[in-house]
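Okay, here's what each chain looks like letter by letter:
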Amino acid sequence: MVKITLPNSEIKEYQDGVTILEIAKNISPSLAKKAVFATANDIDSPLNKSITQDCNLILHTSDEPKSLDNLRATLSFFLGKAIKKFDQTAVLGDHGFNDGGFFYDSDIATGQISADQLPEITKLVINELNQNNKLVCVRSSIDEAITIFKENSYQVELLKSLKTDYVYINTFEDYKDFSLIPLLTNYQNIKYFKLLFVAGAYFLGKSSNKMFQRISGTAFFSKKELEEDEKKREIARSHDHRVLGQQLDLFFVNPEIGAGLPYWLPKGATIRRIVERYIIDKEVDAGYQHVYTPVLANLNLYKTSGHWAHYREDMFPPMDMGDGELLELRPMNCPSHIAIYKYKPRSYRDLPLRIAELGMMHRYEKSGALSGLQRVREMTLNDGHTFVALEQIQDEFKKVLKLMMEVYRDFDIKDYKFRLSYRDKANTEKYFDDDQMWERSQSMLKGAMDELGLEYYEAEGEAAFYGPKLDVQTKTAMGNEETMSTIQLDFMQPERFKLTYVGADGNDHRPIMIHRGIIGTLERFVSYLIEIYMGAFPTWLAPIQVDIIPVNNDLHQDYVKKIEADLKKEGLRVQADLRNEKMNYKIRESQTQKIPYTIIVGDQEKLSGNVTIRRYGQEKQETLNESSFIELIKSDIANFSRED
RNA sequence: GCCGCUUUAGCUCAGCAGGUAGAGCACCACCGUGGUAAGGUGGGGGUCAGCAGUUCGAAUCUGCUAAACGGCACCA
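Residues numbered from 1 in each chain as written. Chains lettered and ligands numbered in written order. Predicted model: local features only at pLDDT ≥ 70, side-chain atom pairs only at ≥ 80, totals over all residues. Heavy atoms only, no water.

Chemist: Tell me about the overall build of chain A, and please be specific about residues and values.
Modeler: The helix and strand tally for chain A stands at 20 helices and 34 strands. Dimensions along the principal axes, computed over C-alpha positions, put chain A at roughly 90 × 75 × 55 Å. Here chain A holds 644 residues, and the buried ones make up 50% of them. Pairs at least 24 apart in sequence give 68% of the contacts found in chain A among residues at least 6 apart. (Helix = DSSP H or I, 4+ residues; strand = E, 2+ residues; numbered from the N terminus. Buried < 20%, exposed > 50% of the residue type's maximum accessible area, 1.4 Å probe, protein only. Contact = heavy atoms within 4.5 Å.)

Below, the structure is given as structure tokens:
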């Protein structure tokens, strides 16, 4: 007999060799139905596991969010099996679960799997699932697993790349696979899954490796969740800045004019202009000196900076001017600001010296990376470089963070994560070669974050080639992670450009550079704003703040024009809609264009000098006199349309 | 850049079997229009992404190129 201790401290006795599923059934049939896996003496175990010694047992059910991973890992297993059925020659590669669902990578000698074949593969998966209770899942060491899968060199490499000590070996008749977490051995309830797309994926995530065919899908425990997931994807599309950008006439990209080269239409340009004015004012207040520097420079500048050696892949090819001069479109602004630093001898009294610019840069992004305003080939970075003495780093770092938080508050940005981005130790050729400096600057950044008590996560291989970064990661409507803001520590370029300042001791010293982008690039930032506001901009950012509509075009035209002129005088962005259309038509358009305030005026308003307003998204109307309205909208703008 | 998919009017999309193109919205004209989400009638508009091929004949079949989209890789 074995003694099983349950989470409520109750102890039950069972026959030696009892399976976890049997225990679950004994406790309650409904529990057994919902059970996904168990933790037995702190080891995650599948339900088919036999218990041969006393243990603490926790059963995990489908109610727990993390059980979803086990479900998806299980589907990945059956997908792999289905692919093998689909084509005997398939070589199976990476597989498993991720945030959105599950996937299986395979390599089929006879050709690529196409999207049309997904229904066929789906049927095969269903067939496999219908063969009940044949799946056996056993925990084993990596070494054992390597022996079992020795015939598939890809699987062996995968197993070797794992950071865990154990995997689960899953056997279904003569088919074997491994997973990182226990599978559902009572998989007969699995019904709610969907294969979504076929894509390419490099083996082990390295573009130098072979590309496998990835089939991805998603799965849930209930039909409702699966349907909600589908709905969520639809909603995401309605937040997509590319869709809204067209609906609201904000920007366009025309491939015939140039992929990745966006055109800002008047309304999008207005939003951008407001953002630009805002951030420049904010930075000037914070002690930054704004400059303008050229987008072109002699290639030698980027040879000195190290860009040509470490960043060439992302740079446009140099322009050969025919007389030996090579001009380069700049991919970053730092060398330009270094030139400004070098313009004069600098003293310790000048530090921290803060140079800022809305600097236009060009990067030759890979065609597959381009996306609306999020990834472009010409972008304007809200760039700033502070030159500091060593002992000023900490303070300046804090100042930048403080500025960043203020800006986030004004734009109502709440959903982000801090990421400390280090270089990849295993792949140092991408970075400047100076181990000591890397160690030092990485630990300084981490120290500063720890001191501030801010939460962050660490990522190797995400650093700039010249130094580690603190990145602010946000998510796009489509769920991709993007870097918005960044603060970077750079000991390298001051060295390469031999920057100096005269210290209090009269000797030359080397400054350190802090690179920082608060709102990142205007392109990405505005795309982010479009998505979080869903195109319904707060009044201070709205390209058109007020839309004025007469009840009758002829009778009320003069009054509409008077109000328009009054509001314009107050600096408001107003449009008077005097088109030959009915009032209702105009109101509808005002709403679909998401204009914050719609003013409707007729006889009543004209007589009393009032306006009747309707706010975007509300049906309620309110009549007030013109000056009260001006007061109202002005305070709305002044507090960034925040409620608090 | 790689894999998959897509590309028809300004926009959203029909055109499923090769026989020289359609709808709704938008645009233009005329008529109409008084209180909070689309008034009516008529009209203009397309080398069916580009190039080549198969065919008596190609939006439709084949190949190449480009771009968009979903991933992978890369990244602000």
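Here the narrative resumes, following the displayed structure.
Chemist: An account of the sheet that holds strand S18 (residues 296-298) is needed here, citing residue identities and associated values.
Modeler: Pairing is antiparallel across the open sheet formed by 3 strands, whose spatial order is S18-S20-S19. Edge positions in the sheet fall to S18 and strand S19 (319-320), since each of these pairs with one other strand and no more. Pairing geometry for S19 and strand S20 (residues 326-329), over 2 bridges, is antiparallel. The partner of aspartate 320 across the bridge, within S20, is leucine 326. (Pairing = 2+ DSSP bridges.)

Chemist: Please set out the pattern of salt bridges residue by residue, giving values where relevant.
Modeler: Overall, the coordinates contain 37 salt bridges when judged by the stated rule. Where aspartate 471 meets lysine 469, a salt bridge forms, and the shortest distance between an N and an O atom there is 3.4 Å. Taken together, the shared-partner salt bridges connect Lys282, Lys402, Glu406, Asp410 and Arg642 into one network. (Salt bridge = Lys/Arg side-chain N within 4 Å of Asp/Glu carboxyl O.)

Chemist: Can you break down the sheet that holds strand S10 (residues 135-141) residue by residue, with the values?
Modeler: Strand order in the open sheet formed by 3 strands is S10-S11-S12, with antiparallel pairing between adjacent strands. This sheet does not close on itself; its edge strands, each paired only once, are S10 and strand S12 (175-179). Ignoring strand direction, the axes of neighbouring strands in this sheet form an average angle of 25°. By the bridge criterion, 5 bridges tie strand S11 (residues 166-172) to S12 in an arrangement that is antiparallel. Bridge pairing in S12 links tyrosine 168 to serine 179. (Axes fitted to C-alpha atoms, helices over the stretch in contact; angles between N-to-C directions.)

Chemist: A description of the protein's contact with RNA strand B should follow, citing residues and the corresponding values.
Modeler: In the vicinity of RNA strand B lie 59 residues, with Gln213, Thr483, Leu555, Asn580 and Asp603 positioned nearest. Counted by atom, the contact set of RNA strand B within 4 Å of the protein is 51% sugar and phosphate. Interatomic distance of 2.5 Å between a side-chain N/O atom of arginine 375 and a base oxygen of RNA strand B. Here lysine 469 contributes a side-chain N or O atom positioned 3.1 Å from a phosphate oxygen of RNA strand B. Contributions of two or more residues to the surface near RNA strand B are made by strand S13 (192-202), strand S14 (211-220), helix H8 (241-247), strand S26 (481-490), helix H18 (583-592), helix H19 (603-608) and strand S33 (610-615). Looking at which element gives the most residues to the surface near RNA strand B, the answer is H18, with 7 residues. Considered class by class, the residues forming the surface near RNA strand B number 22 nonpolar, 21 polar and 16 charged. (Near = heavy atom within 4 Å. Polar contact = N/O pair within 3.5 Å; in protein donor to acceptor, adjacent residues only side chain to side chain. Nonpolar A, V, L, I, M, F, W, Y, C, P; charged D, E, K, R; others polar.)

Chemist: How would you summarise the packing of aromatic side chains if you had to cite specific residues and measurements?
Modeler: Within the structure shown, the criterion is met by 26 aromatic pairs. Centroid distance tyrosine 278 to phenylalanine 411: 5.1 Å. Interplanar angle 85°. Geometry classified as edge-to-face. With tyrosine 278 in helix H9 (residues 266-285) and phenylalanine 411 in helix H13 (residues 393-411), this pair connects stretches of sequence that are 133 residues apart. In terms of burial, tyrosine 278 and phenylalanine 411 fall into one category: buried. A ring pair is formed by tyrosine 311 and phenylalanine 465, whose centres lie 6.3 Å apart and whose planes are at 35°; its orientation type is tilted. (Phe/Tyr/Trp six-rings, centres within 6.5 Å; stacked < 30°, edge-to-face > 60°.)

Chemist: So what's going on with the nonpolar core? Which residues, and what values?
Modeler: In terms of nonpolar packing, the biggest core is built from 82 residues, with Val275, Phe387, Phe411, Phe537 and Leu541 touching the most fellow members. No other element matches the 9 residues that H13 contributes to this core. Sequence-distant contacts of valine 275, that is, excluding residues within four places in its chain, are made with Phe411, Ile519, Leu522, Phe525, Leu529 and Leu541. If you look at the next biggest cluster of nonpolar residues, it comprises 36 residues, including Leu71, Phe77, Ala90 and Val125. (Core = buried A, V, L, I, M, F, W, Y, C linked by side-chain atoms within 4.5 Å.)

Chemist: Give me the packing of H9 against H13: which residues, what numbers.
Modeler: Here H9 crosses H13 at 150°, and the two axes come no closer than 12 Å. The interaxial crossing formed by H9 with H13 has right-handed handedness. Contacts between H9 and H13 pair Val275, Tyr278, Ile279, Lys282 and Glu283 from the former with Leu403, Glu406, Val407, Asp410 and Phe411 from the latter. Across the contact of H9 with H13, the residue classes tally to 6 nonpolar, no polar and 4 charged. (Left-handed = near helix turned anticlockwise from the far one by under 90°.)

Chemist: Requested: an account of the packing of H13 against helix H14 (residues 435-452), with residues and values cited.
Modeler: A pair of packed helices is captured by two measures, namely the crossing angle of their axes and the spacing between those axes. Put simply, H13 and H14 touch, their axes get as near as 10 Å, and they point 60° apart. In terms of orientation, H13 and H14 fall into the oblique class. In this structure, H13 crosses over H14, and the sense of that crossing is right-handed. Packed against H13, whose contacting residues are Ile393, Gln394, Phe397, Lys398 and Leu401, the element H14 presents Met444, Leu445, Ala448, Met449, Glu451 and Leu452 at the interface. Split by residue class, the contact of H13 with H14 holds 8 nonpolar, 1 polar and 2 charged. (Parallel < 35°, antiparallel > 145°, perpendicular 65-115°, else oblique.)

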